Amino acid sequence: MKVGFIGLGNVGGKLSGSLLRNGIDLTVHDLNAALVADFVKRGAKAAESPAQLMRDCDVVITCLPSPAASDAVMAEMLPEVKPGKIWMEMSTTDYAEVQRLGARVIGQGGAAVDSPVSGGCHRAATGNISIFAGCDRATFERILPFLTTMGRRILHTGPLGSASILKVVTNYLATANLITCCEALVVAKAAGMDLNTAYEAMKISSGTSFVHETESQVILNGSRDISFTMDLVKKDIGLFQEVADRAGVPLEVSPVLIDIFNDGIARYGDREYSPNIIKRLEEATGLDIRAPGFPPEMLDDEPEEPGYEVIPQGADRRVAAA
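Within every chain, residues take consecutive numbers counted from 1 along the sequence as written. With pLDDT at 70 or above as the cut-off, local features in this predicted model cover only qualifying residues; side-chain atom pairs require 80 or more to be listed or tallied, and sums for whole chains, interfaces and linings still use all residues. Side-chain descriptors were evaluated using all non-hydrogen atoms of the structure, hydrogens and water having been removed beforehand.

Looking now at the overall build of the protein. Helix and strand definitions follow DSSP, with helices as H or I runs of at least four residues and strands as E runs of at least two, each counted in order from the N terminus. Scanning the protein from N- to C-terminus turns up 14 helices and 10 strands. In this description the radius of gyration comes from C-alpha coordinates, and the expected globular size is given by 2.2 Å times residues to the power 0.38. Relative to the globule expectation of 20 Å for 322 residues, the C-alpha radius of gyration of the protein, 20 Å, shows essentially globular dimensions. Counting only C-alpha atoms and orienting by the principal axes, one finds that the protein spans roughly 65 × 50 × 40 Å. Counting all 322 residues of the protein, 51% fall into the buried class. Residues are treated as being in contact if the distance between any of their heavy atoms lies within 4.5 Å. Contacts in the protein between residues far apart in sequence, at least 24 positions, make up 69% of those at least 6 positions apart. Counting rule applied: Lys, Arg positive; Asp, Glu negative; His and chain ends not counted. Note that the charge is assigned to NZ on lysines, CZ on arginines, CG on aspartates and CD on glutamates. Side-chain charges of the protein comprise 30 positive and 41 negative groups, with the mean position of each set lying 4 Å from the other. For every residue, the accessible area obtained with a 1.4 Å probe (protein chains only) is divided by the maximum for its type, and the residue is called buried under 20%, exposed over 50%, and partly exposed between those limits.

Okay, structure coming up:
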């Protein structure tokens, strides 16, 4: 199967790197010629345009920074969509938009999948990231073999658009975890606790989380570098709020998180690393929330392993496969 990849940025470059590393026939495209040249040196082919990519490949993956970018790329690709072609949207985007674009692909005889990832850039680099996939079951089974080269845990979430909803749900939870970890660390320091000990107490307790075990480390290092910025957090939690608004759910915590990040962006800029949201509390208290012995960035220390499909708890495997 020939795979095309559009968008070789922070996440896309790592996902496509896993495809290349695992022997997938890969063609790439990006507005940044240097990124394309690097992939060509490593064995990928270069496409001159999104249209050529769709024409020459069985599957085309987009991993782009905004719904507008995906829409522009789709406008170029759509004339080349034929029966048997698959478009996969791996960006974090609005589920209604991916359904709209996907309907255009399906109308041309192709198949569409929304397949965002979760687990951090450090796991995207090693192929150990989790991947959601929203599409019909037949399409999912076609793409599962190479999804397992990009990711460790692969979840078929249901129809087109379902993966995008669940992605913003999980990103909302990660944002809430980040804010509470920041508050917990600042309160521990203000109360006279040693921050190395506080980190371990949180890690071995009922209060731990994936965010604490990763992002708290770069917070305490002082680098705050998780290769994710405040503007992206604002986009993701805004998408979550839109899902809630469409469903008529009156949320209480979500609007507060949006206010916090709007304030963080106003103070520090939209491209500031997202864990530096803790600076609001550092400045308010005069405390320095750093401790020795923590890494400046997250690295995945798990070996790369073959991916597998995750079957939801309580689901009949025969039903899941239907």
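Looking now at the pairing of strand 6 (residues 111-114). Residues Ala111 and Val113 point to one face of strand 6 and Ala112 and Asp114 to the other, with burial holding for every one of them. Looking down the strands as they point away from you, a crossover is right-handed if its path from the first strand over the helix to the second goes clockwise. Crossover connection from strand 5 (residues 86-89) via helix 5 (residues 95-107) to parallel strand 6: handedness right-handed.

Following both chains from N to C, one finds helix 8 (residues 162-190) and helix 10 (residues 210-221) inclined at 50 degrees, their axes separated by 10 Å at the closest point. Considering their axes alone, helix 8 and helix 10 lie oblique with respect to each other. At the point where helix 8 passes helix 10, the crossing takes the right-handed sense. For the pair helix 8 and helix 10, the contacting residues are Ala174, Asn177, Leu178, Cys181, Cys182 and Leu185 in the first and Val211, His212, Glu215, Ser216, Ile219 and Leu220 in the second. Every axis corresponds to a line fitted to the C-alpha atoms, with the helix fit spanning only the stretch in contact, and the corresponding angles, defined between N-to-C directions, vary from 0 to 180 degrees. Here the word oblique covers every angle except those under 35 degrees (roughly parallel), over 145 (roughly antiparallel) and from 65 to 115 (roughly perpendicular). When the near helix sits turned anticlockwise from the far one by under a right angle, the crossing is termed left-handed; a clockwise turn instead gives a right-handed crossing.

The next subject is the pattern of salt bridges. Put simply, a salt bridge is a Lys or Arg side-chain nitrogen that is within 4 Å of an Asp or Glu carboxyl oxygen. Under the counting rule described, the total for this entry stands at 15 salt bridges. We note a salt bridge from Arg55 to Glu80, for which the minimum N-O separation is 3.3 Å. Of this pair, Arg55 sits in helix 3 (residues 50-56) while Glu80 is found in the loop between helix 4 (67-77) and strand 5, placing the two residues 25 residues apart along the sequence. You can call Arg55 partly exposed: its relative accessible area is 43%. Here Asp231 and Arg271 are joined by a salt bridge, their closest N and O atoms 2.8 Å apart. Taken together, the residues span a long stretch of sequence, with Asp231 in helix 11 (residues 230-247) and Arg271 in the loop between helix 12 (253-268) and helix 13 (279-285) at a distance of 40 residues. For Asp231, a relative accessible area of 22% gives the class partly exposed. A relative accessible area of 54% means that Arg271 is categorised as exposed. Each of the salt bridges in this network shares a partner with another, and the network as a whole consists of Asp263, Arg267, Arg280 and Glu283.

We now examine the packing of aromatic side chains. We call Phe, Tyr and Trp rings a pair once their centres come within 6.5 Å, taking the six-membered ring for Trp, and we label the pair stacked below 30 degrees between planes, edge-to-face above 60, and tilted otherwise. Taken as a whole and judged by the stated rule, the model has 2 aromatic pairs. Considering the side-chain rings of Tyr199 and Phe294, the 5.1 Å spacing of their centres and the 70 degrees angle between planes classify their relative orientation as edge-to-face. One end of the pair, Tyr199, is in helix 9 (residues 195-203); the other, Phe294, is in the loop between helix 13 and strand 10 (308-310), with 95 residues separating them in the sequence. With respect to burial, Tyr199 and Phe294 carry one shared label: buried. Note on criteria: charge over ring means Lys NZ or Arg CZ within 6 Å of the ring centre, with the direction from the centre no more than 35 degrees off the ring normal. The aromatic ring of Phe39 is capped on one face by Arg42, whose charged end is 4.4 Å from the ring centroid.

Position of Leu35 relative to the elements: it lies in helix 2 (residues 33-41). You can call Leu35 partly exposed: its relative accessible area is 30%. The sequence separation of Leu35 and Gly7 amounts to 28 residues, and the corresponding C-alpha distance is 9.4 Å. Apart from the residues lying within four places of it in its own chain, the contact partners of Leu35 are Leu8 and Asp30.

Relative to the helices and strands, Asp30 is located in the loop between strand 2 (25-29) and helix 2. Arg42 provides the closest opposite charge to the buried, unpaired Asp30, separated from it by 12 Å. A distance of 2.7 Å separates a polar atom in the side chain of Asp30 from the backbone nitrogen of Leu8. The term polar contact refers here to a pair of N or O atoms within 3.5 Å; inside protein, the definition further demands a hydrogen-donor-capable atom paired with an acceptor-capable atom, and it admits residues adjacent in sequence only when both atoms are side-chain atoms. Only 2.7 Å separates the side chain of Asp30 from the backbone nitrogen of Asn32, close enough to count as a polar contact. Setting aside anything within four residues of it in sequence, one finds Asp30 in contact with Gly7, Leu8, Gly9, Leu35 and Val36.

Now for the environment of Asp136. Along the chain, Asp136 turns up in the loop between strand 8 (129-134) and helix 7 (137-150). Spatially, the C-alpha atom of Asp136 lies 8.7 Å from that of Ala111, the residues being 25 residues apart in sequence. At 2.8 Å, the side chain of Asp136 and the backbone nitrogen of Thr139 are in polar contact.

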